[in-house]
Amino acid sequence: MSHFRAEADLLLAAHPYVDADPSDIVELLQAATLREIPPATVLCRQGEVADELYFLLRGTVAVVKRDPEGLDRPIGEVHAPTLIGQMAIIDRARRTASVLTASTVLVAAMAWPTFHALVREPGSRGLALRRLLLSSLTRQLVAGTARLRALLAAGAHPDPQSGLELRDEMMRASGLLEGWTDDLQRAEPGADTQPLPRDLRLA
Amino acid sequence: MRSDPVESARFYLHGLASLFGRRLVAEADLVWVLRRSPPVDYAAGQVVFRQGELAESAILVVHGELVASVSTPDGERVVGAAGAWDVVGETGLYAPDQPRSATVRATRDSTALLITHQLLAEGRSNPVIGAIEYHLLHTITRRIRNTNQALETAWSELESRLGARPPGEEPTSLVRALTEGTSA
């Protein structure tokens, strides 16, 4: 039972007001499939129907989001510990961004049937899962809305010179809102984080 | 004749919990929630909470209608409405240090349940609380999707104001990796 305890503690520390027992988070992680994934591997692709929820336990991933015109824009990096892909697994929608490993990562991937059973479970595992998700969704709603408000204020009278930057900012706000990136994450990337291509403009 | 607010709330929670658990919920679990969070009546025009106040609870509308508005330099602007089965102010549960982003008032006589973090903490083993949390998950997800849809609309408006994408802005090598790389 001590396996995953450190990861459970970190996940709880990163999600305030969850009020769950670390041992329940451990049980959630044990209900998922553990995968160590090398750098530059696609974790999920935009447009796919979601069939897994990811607990990013170690490492860093990069997020790319396709804008309404069809151009893929890098919108940020996400460091462990965090949840990835929570919205699409809740409403069974298509992924709204693609995720690529930027380092060797350790993820616990929870398959849809397991997720579906656990999230409706009245016991402590279900409670822990629902509250982790609620904390994560609330944070992305608050952060994304704040970013959008700032953008609306700044972009009320855009000029052609600032248009490109505004487009990037809009996609980053969208990524924040959808939970792909997180303004609150300030963790330093791990030592094995791969330098990303030079032509990337990451957040 | 106005319906009994407690009976309305009981009916509401019973439906929510039965859908969540796919079986009838125990009467004792319903009674526990209604005792901890008695239904609150709001008269038409009454303010439920004000923009800028610290958020401490979510409001589950049992019946009636609430309208949210924000203060702008041009005056009050209505930004949304909530009816039966809707939730407002849900960020107060998991981000209680954030101020309310809008003022919410009843537009007609309404009944609501106040969901506080304390209620969730004390009701850990109550399936009715689980049902409320499950309802909140879908409510917040839907709200985020709606907001993002508004962002896409804003994008289209931006495109029409600024013109086409600047030349030379092509997919990056990360994007190429995404389209050609291996899947986990």
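Residues numbered from 1 in each chain as written. Chains lettered and ligands numbered in written order. Predicted model: local features only at pLDDT ≥ 70, side-chain atom pairs only at ≥ 80, totals over all residues. Heavy atoms only, no water.

**Student:** Just give me the short version of the overall build of chain A, but keep the residues and values in it.
**Tutor:** Helix and strand counts for chain A come out as six helices and eight strands. For chain A, the proportion of its 203 residues judged to be buried stands at 56%. Here the analysis covers contacts within chain A between residues at least 6 apart in sequence; of these, 76% occur between residues at least 24 apart. Taken as a whole, chain A presents about 8000 Å² of accessible surface, with 53% of it coming from carbon and sulfur. (Helix = DSSP H or I, 4+ residues; strand = E, 2+ residues; numbered from the N terminus. Buried < 20%, exposed > 50% of the residue type's maximum accessible area, 1.4 Å probe, protein only. Contact = heavy atoms within 4.5 Å. Areas by Shrake-Rupley, 256 points an atom, 1.4 Å probe, with all protein chains shown as cover.)

**Student:** Just give me the short version of the packing of aromatic side chains, but keep the residues and values in it.
**Tutor:** Residue and element names in this part refer to chain B. Counted according to the given criterion, the structure contains three aromatic pairs over all chains. Measuring from centroid to centroid gives 4.7 Å for Tyr12 and Trp85, while their planes differ by 35°, and the two rings are tilted. Of this pair, Tyr12 sits in helix H1 (residues 5–21) while Trp85 sits in the loop between strand E4 (75–82) and strand E5 (87–88), placing them 73 residues apart in sequence. Positioned above the aromatic ring of Phe49 is the side chain of Arg100, whose terminal nitrogen or guanidinium carbon lies 3.9 Å from the ring centre. (Phe/Tyr/Trp six-rings, centres within 6.5 Å; stacked < 30°, edge-to-face > 60°. Lys NZ or Arg CZ within 6 Å of the ring centre and 35° of its normal.)

**Student:** Break down the side chain of A:Asp67 for me, with residues and values.
**Tutor:** Along the polypeptide, A:Asp67 turns up in the loop between strand E4 (60–66) and strand E5 (72–79). A polar side-chain atom of A:Asp67 sits 2.8 Å from a polar atom in the side chain of A:Arg73. (Polar contact = N/O pair within 3.5 Å; in protein donor to acceptor, adjacent residues only side chain to side chain.)

**Student:** Got a sec to walk through the nonpolar core? Specific residues and values, please.
**Tutor:** Core analysis: the biggest nonpolar cluster contains 87 residues, and A:Phe55 and A:Leu129 have the highest contact counts within it. The element contributing the most residues to this core is helix H5 (residues 127–162) of chain B, with eleven residues. Every residue in contact with A:Leu129, bar those within four places of it in the chain, is listed here: A:Leu28, A:Leu53, A:Phe55, A:Met110, A:Phe115, A:Leu118 and A:Val119. Grouped together as the second largest cluster of nonpolar side chains are 14 residues, B:Leu66, B:Ala68, B:Val88 and B:Ala102 included. (Core = buried A, V, L, I, M, F, W, Y, C linked by side-chain atoms within 4.5 Å.)

**Student:** Give a description of the pairing of strand E7 (residues 98–101) of chain A that names residues and reports values.
**Tutor:** Residues and elements named next belong to chain A. Neither face of E7 is open: one carries Ser98 and Leu100, the other Val99 and Thr101, and all of them are buried. The pairing of strand E2 (residues 42–44) with E7 spans two bridges and is antiparallel. Residue pairing in the sheet places Cys44 in a bridge with Val99 of E7. Note: E4 against E7, four bridges, orientation antiparallel. The residue bridging Val63 from the neighbouring strand is Val99, located in E7. (Pairing = 2+ DSSP bridges.)

**Student:** So what's going on with the sheet that holds strand E8 (residues 105–111) of chain A? Residues and values would help.
**Tutor:** Residues and elements named next belong to chain A. Spatial ordering of the open sheet is given by E1-E8-E3-E6, a layout of four strands whose pairing is antiparallel. The open sheet has two edge strands with one neighbour each: strand E1 (33–37) and strand E6 (82–84). On average, each strand axis in the sheet is tilted by 30° relative to the strand beside it, whichever way the strands run. When E1 meets E8, the two strands line up antiparallel, connected through five bridges. Considered in E8, the bridge of Arg35 is made with Val107. Taken strand by strand, helix H4 (residues 112–119) contacts strand E3 (52–58) and E8, and its axis lies near 70° from that of E8. (Axes fitted to C-alpha atoms, helices over the stretch in contact; angles between N-to-C directions.)

**Student:** So what's going on with the environment of A:Ala8? Which residues, and what values?
**Tutor:** Residues and elements named next belong to chain A. Considering the arrangement of structural elements, one finds Ala8 in helix H1 (residues 5–14). Taking the relative accessible area as the measure of exposure, Ala8 reaches 0% and is therefore buried. On a C-alpha basis, the gap between Ala8 and Ala150 in space is 34 Å, while along the polypeptide they are 142 residues apart.

**Student:** Explain the pattern of salt bridges to me, and be specific about the residues and the numbers.
**Tutor:** Under the criterion given, the structure shown has 16 salt bridges over all chains. Across the pair A:Arg58 and A:Glu7 runs a salt bridge whose closest N-O atoms are separated by 2.8 Å. With A:Arg58 in strand E3 and A:Glu7 in helix H1, the pair connects residues that are 51 residues apart, well separated along the chain. The class for A:Glu7 is buried, based on a relative accessible area of 12%. A salt bridge links A:Arg35 to A:Glu52; the shortest N-O distance between them is 2.6 Å. You can see A:Arg35 sitting in strand E1 and its partner A:Glu52 sitting in strand E3, a full 17 residues away along the chain. A network of salt bridges, in which partner residues are shared, links A:Asp19, A:Arg130, A:Arg131, B:Arg124 and B:Glu133. (Salt bridge = Lys/Arg side-chain N within 4 Å of Asp/Glu carboxyl O.)

**Student:** Hey, could you go over the pairing of E8(A) for me, with residue numbers and the actual values?
**Tutor:** Residue and element names in this part refer to chain A. Across the seven residues that make up E8, a large majority, six, are buried. With six bridges connecting them, E3 and E8 associate as antiparallel partners. Across the sheet, residue Leu53 finds its bridge partner in E8, namely Met110.

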